[in-house]
Amino acid sequence: MNQPSSTHLVLIGLMGSGKTTIGRRVAAQTGRHFYDTDAMVEADCGLKVRQIFAQWGEPEFRRLEHIALITALAVKEPGVIAAAGGVVLSDQNREALQTARDEGRARIVWLKAQTATLLSRVQNGVHRPLLDANPAVAMQAMHDQRTQWYQDLATAVVSTDELSASRVVAAVVSVINEGSSHV
Ligand code: S3P
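Summarised in this report is the structure supplied together with it. Remember, predicted model here, so these are calculated numbers, not experimental data.

Let us look at the packing of aromatic side chains. Taken as a whole and judged by the stated rule, the model has 2 aromatic pairs. Note on Phe53 and Phe61: the rings are 4.9 Å apart at their centroids and 40° apart in plane angle, and the pair reads as tilted. The same class applies to Phe53 as to Phe61, namely buried.

Compared with the 27 Å implied by 1.5 Å per residue over 19 residues, the 25 Å span of helix α7 (residues 135-153) between its first and last C-alpha is a close match. At Arg146, α7 is deflected by roughly 45°, the largest bend along its length. Listing the buried residues of α7 in full gives Ala138, Met139, Met142, Arg146, Tyr150 and Leu153. Structurally, α7 contributes buried residues whose contacts are with β1 (8-12), α4 (58-74), α5 (91-102), β4 (106-112) and α6 (115-121).

Two elements in contact, α4 and α5, have axes whose closest approach is 10 Å; the angle formed by their N-to-C orientations is 10°. One finds that α4 runs roughly parallel with respect to α5. Taken together, the residues of α5 that come into contact with α4 (itself represented by His66, Leu69, Ile70 and Leu73) are Gln92, Asn93, Ala96, Leu97 and Ala100. By residue class, the composition of the contact of α4 with α5 is 6 nonpolar, 3 polar and no charged.

Overall, the coordinates contain 8 salt bridges when judged by the stated rule. The shortest N-O distance in the salt bridge between Lys48 and Glu42 comes to 3.9 Å. A relative accessible area of 19% places Glu42 in the buried class. Arg101 serves as the salt-bridge partner of Asp102, at 3.0 Å between the closest nitrogen and oxygen.

Geometrically, a packed helix pair is captured by the angle between its two axes and the distance between the axes. For the pair helix α3 (residues 49-56) and α4, interaxial distance at closest approach is 7 Å and the crossing angle is 130°. One element, α3, and the other, α4, form an angle in the oblique class. Residue-level inspection shows Val49, Ile52, Phe53 and Trp56 of α3 in contact with α4, the latter providing Glu58, Glu60, Phe61, Arg62 and Leu64. In terms of residue class, the contact of α3 with α4 is built from 6 nonpolar, no polar and 3 charged.

Here we take up the nonpolar core. With 28 residues, the main nonpolar core has Val10, Ile12, Leu73, Leu97, Ile108, Leu131 and Met139 as its most contacted residues. If one sorts the elements of this core by residue count, α7 sits on top with 5 residues. Within the second largest apolar cluster, 18 residues are counted, among which are Ile22, Phe34, Ala156 and Ile176.

Here we take up the sheet that holds strand β3 (residues 79-82). What the 5 strands build is an open sheet, ordered β2-β3-β1-β4-β5; its pairing is parallel. The sheet terminates laterally at β2 (33-36) and β5 (156-159), the two strands that pair on one side only. For this sheet the average axis-to-axis angle between neighbouring strands, irrespective of direction, equals 20°. Across 3 bridges, the pairing between β1 and β3 is parallel. What sits directly across from Leu11, in β3, is Ala82. With respect to the sheet, α7 is in contact with β1 and β4, its orientation differing from that of β4 by roughly 140°.

About the criteria used
Here, residues in each chain are numbered from 1, in the same order as that chain's written sequence. Only residues with pLDDT of at least 70 get local features here, since the model is predicted, and only at 80 or more are side-chain atom pairs given and counted; chain-wide, interface and lining totals rely on the full set of residues. Side-chain figures throughout are based on the complete set of non-hydrogen atoms in the structure, without hydrogens or water. What counts as a ring pair is set by centres within 6.5 Å for rings of Phe, Tyr and Trp (its six-membered ring), and what kind of pair is set by the plane angle: stacked under 30 degrees, edge-to-face over 60, tilted for all other angles. Whether a residue is buried, partly exposed or exposed follows from its accessible area with a 1.4 Å probe, protein chains only, as a fraction of its type maximum: under 20%, in between, or over 50%, in that order. Put simply, DSSP marks the helices as runs of H or I at least four residues long and the strands as runs of E at least two long, and each gets a number from the N terminus on. A helix is expected to reach a length of 1.5 Å times the quantity of its residues less one. Here the bend at a residue is taken as the angle between two axes, fitted respectively to the seven residues that end there and the seven that start there. Any two residues having at least one pair of non-hydrogen atoms within 4.5 Å are treated as being in contact. Axis geometry follows a simple rule: fit a line to the C-alpha atoms, using only the stretch in contact for helices, then measure angles between N-to-C directions, giving values from 0 to 180 degrees. Here is the rule for angles: anything less than 35 degrees is roughly parallel, anything more than 145 is roughly antiparallel, 65 through 115 is roughly perpendicular, and the remaining ranges are oblique. Nonpolar residues are Ala, Val, Leu, Ile, Met, Phe, Trp, Tyr, Cys and Pro. Charged residues are Asp, Glu, Lys and Arg, and all others, Gly as well, are polar. By definition here, a salt bridge exists when the distance from a side-chain nitrogen of Lys or Arg to a carboxyl oxygen of Asp or Glu is within 4 Å. Among buried residues, those of type Ala, Val, Leu, Ile, Met, Phe, Trp, Tyr and Cys that are joined through side-chain atoms within 4.5 Å constitute a nonpolar core. A pair of strands is treated as paired once DSSP finds two or more bridges between them.

Take a look at the structure:
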């Protein structure tokens, strides 16, 4: 098992980029706790993401998502955090991530992929109501709106289009290990 550093590993990227799948495997491989902001929100209020959007609206979901992100970042023991695709929409979330990164409390990996790749992976995404109407249009709009934010926040970028999940996991683990000598 790799030695944990004192720095969280945060995965960012659009829906379908593999944050949850890769994050869970990286956590298992490195002996870290895994945090997934969607799962934290669901556990917090006892409703699925889709139900929260339908019953309470997106702004309430974003409020709960903010609390989940801040809660995960505040944990002292270094973990692996899958930050849902929309966390970058909030100024406060971007500031929190940037501060954690700049203070050495987080390494942020952007799992980057082309929109066609992402669309092929999210067809059965039940927790993604934003893709209900027109997935291709919605995904392109999210890509256009958010790409710069992911880019600006990232400590490292892993382009996943041509990589197997195991190779993405290895690339992310190497980011953790590179960081361990500096902290
Ligand atoms: C969203 C991404 C989803 C989920 C919700 C909204 C977004 O999480 O939080 O459907 O706005 O990008 P994943 O990125 O884990 O799919």
